[in-house]
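A structural walkthrough
Read off the chains here:
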Amino acid sequence: MSYLKTLFLGIVMVFSTVSSYAADSSSTINVYKSAACGCCKEWVYHLEENGFKVISHDVSDLETYKKRANLPYDLGSCHTAFVDGYAVEGHVPATDIKKMLTEKPDIRGIAVPGMPMGSPGMEYGNRKDPYQTISYTRDGNKSVYASH
């Protein structure tokens with residue numbers, strides 16, 4: 001009887017872990033980017049490889065989406081995305097997005113300013129510059145969300 005109970009509990013734990021992971025990455029991310037930007041395409045692949053469904057929009061005017069994201073000017077990058085009511089700017093790692101969607105902080109979004117080498121989509125050999133993911137509120141308050 002003990003063996004069956006242990007087996008049952010093990011199966012329950014596996015399924016709850018799998019369904020928890022699926023819930024974290026089942027959100028659809030809408031990405032707004034330039035058609036010519038290769039690093040943006042690489043970031044989209046990074047998201048898909050990490051379980052996100054991505055709808056990619058090639059647009060000529062990114063400013064419209066940066067304004068919609070309430071993005072502070074100094075946090076800008078080459079693409080803007082939206083997922084579950086949050087904005088995501090630049091080469092943010094999928095792990096940071098999953099963390100945000102799980103924890104649901106009271107922020108407008110997260111951003112990786114600029115285009116740091118080694119961030120998702122900006123891989124170049126073994127080079128990996130340190131960078132931070134910054135969270136921001138609608139009021140423009142900013143704080144470090146994660147360091148990489």
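Our subject is the structure listed above.
In this report, we go over the structure that sits alongside the text. Residue numbers run consecutively from 1 along every chain, following the written order of its sequence. Predicted model: local features are reported for residues with pLDDT of at least 70 only, side-chain atom pairs are reported and counted for 80 or more only, and whole-chain, interface and lining totals are derived from all residues. Note: side-chain values were computed over all heavy atoms of the structure, leaving out hydrogens and water.

**Section: helix α2 (residues 38-49)**
In a regular helix each residue adds 1.5 Å, so 12 residues correspond to 16 Å; α2 covers 17 Å between its end C-alpha atoms and thus fits that length. Each residue is placed in one exposure class: buried if its accessible area under a 1.4 Å probe, protein chains only, is under 20% of its type's maximum, exposed if it is over 50%, and partly exposed if it falls in between. Secondary structure follows DSSP: runs of H or I at least 4 residues long count as helices, runs of E at least 2 residues long count as strands, and numbering of each begins at the N terminus. All of the buried residues in α2 are Cys 39, Cys 40, Trp 43, Val 44, His 46 and Leu 47. With its buried residues spanning 155° around the axis, α2 presents them on a single face. Of the surrounding secondary structure, the elements contacted by the buried residues of α2 are β1 (28-33), β2 (53-58), β3 (80-83), β4 (86-90) and α4 (94-103). The positive-phi residue at the C-terminal boundary of α2 is Gly 51, with phi of around 95°. Expected span of a helix, by definition, is 1.5 Å for each gap between consecutive residues, and there is one gap fewer than residues. Throughout, the arc means the angular range of directions from the helix axis out to the C-beta atoms. Only heavy atoms matter for contacts: two residues are in contact if any of them lie within 4.5 Å across the pair.

**Digging into the pattern of salt bridges**
In what follows, salt bridge is the name for a side-chain nitrogen of Lys or Arg lying within 4 Å of a carboxyl oxygen of Asp or Glu. The tally for this structure, following the rule as stated, stands at 4 salt bridges. Put simply, Glu 89 and Lys 66 hold a salt bridge, and the shortest N to O gap is 2.5 Å. Separated by 23 residues along the polypeptide, Glu 89 in strand β4 and Lys 66 in helix α3 (residues 63-68) bring together distant segments of the chain. Its relative accessible area of 1% is what places Glu 89 among the buried residues.

**Section: the sheet that holds strand β5 (residues 109-112)**
Should DSSP find at least two bridges between two strands, the strands are taken to pair. Spatially, β2-β1-β3-β4-β5-β6-β7 is the arrangement adopted by the 7 strands of the open sheet, whose pairing is mixed. Single-partner strands in this sheet number two, and they are β2 and β7 (142-147). On average, each strand axis in the sheet is tilted by 20° relative to the strand beside it, whichever way the strands run. Only the stretch in contact is used when fitting a helix axis, every axis being a line fitted to C-alpha atoms; angles between N-to-C directions are given from 0 to 180 degrees. Most of the contacts of α2 go to β1, to which it runs at about 175°, and overall it touches β1, β2, β3 and β4. Taken strand by strand, α4 contacts β1, β3, β4, β5, β6 (132-136) and β7, and its axis lies near 120° from that of β7.

**A look at the packing of aromatic side chains**
Note on aromatic contacts: the rings of Phe and Tyr and the six-membered ring of Trp form a pair at centre separations within 6.5 Å, being stacked when their planes are under 30 degrees apart, edge-to-face when over 60 apart, and tilted otherwise. Taken as a whole, this structure holds 2 aromatic pairs when the rule is applied. Aromatic side chains Tyr 32 and Tyr 65 sit 4.0 Å apart centroid to centroid with 10° between the ring planes, which places their arrangement in the stacked category. In this pair, Tyr 32 sits in strand β1 while Tyr 65 sits in helix α3, placing the two residues 33 residues apart along the sequence. We classify Tyr 65 as buried; its relative accessible area is 18%. Here the aromatic rings of Tyr 32 and Phe 82 are separated by 6.0 Å at their centres, their planes lie at 65°, and the arrangement is edge-to-face. Residue Tyr 32 is located in strand β1, and its partner Phe 82 is located in strand β3; the two are separated by 50 residues in the primary sequence. With relative accessibility at 10%, the residue Tyr 32 sits in the buried group. Classification of Phe 82 as buried rests on a relative accessible area of 8%. Three or more aromatic residues joined by ring pairs make a cluster, and in this case those are Tyr 32, Tyr 65 and Phe 82. Criterion for a charge above a ring: Arg CZ or Lys NZ at most 6 Å from the ring centre, at most 35 degrees from the ring normal. For Arg 68, the ring lying beneath its charged end belongs to Phe 82, and the centroid distance is 4.0 Å.

The analysis is restricted to geometry; functional conclusions fall outside its scope.
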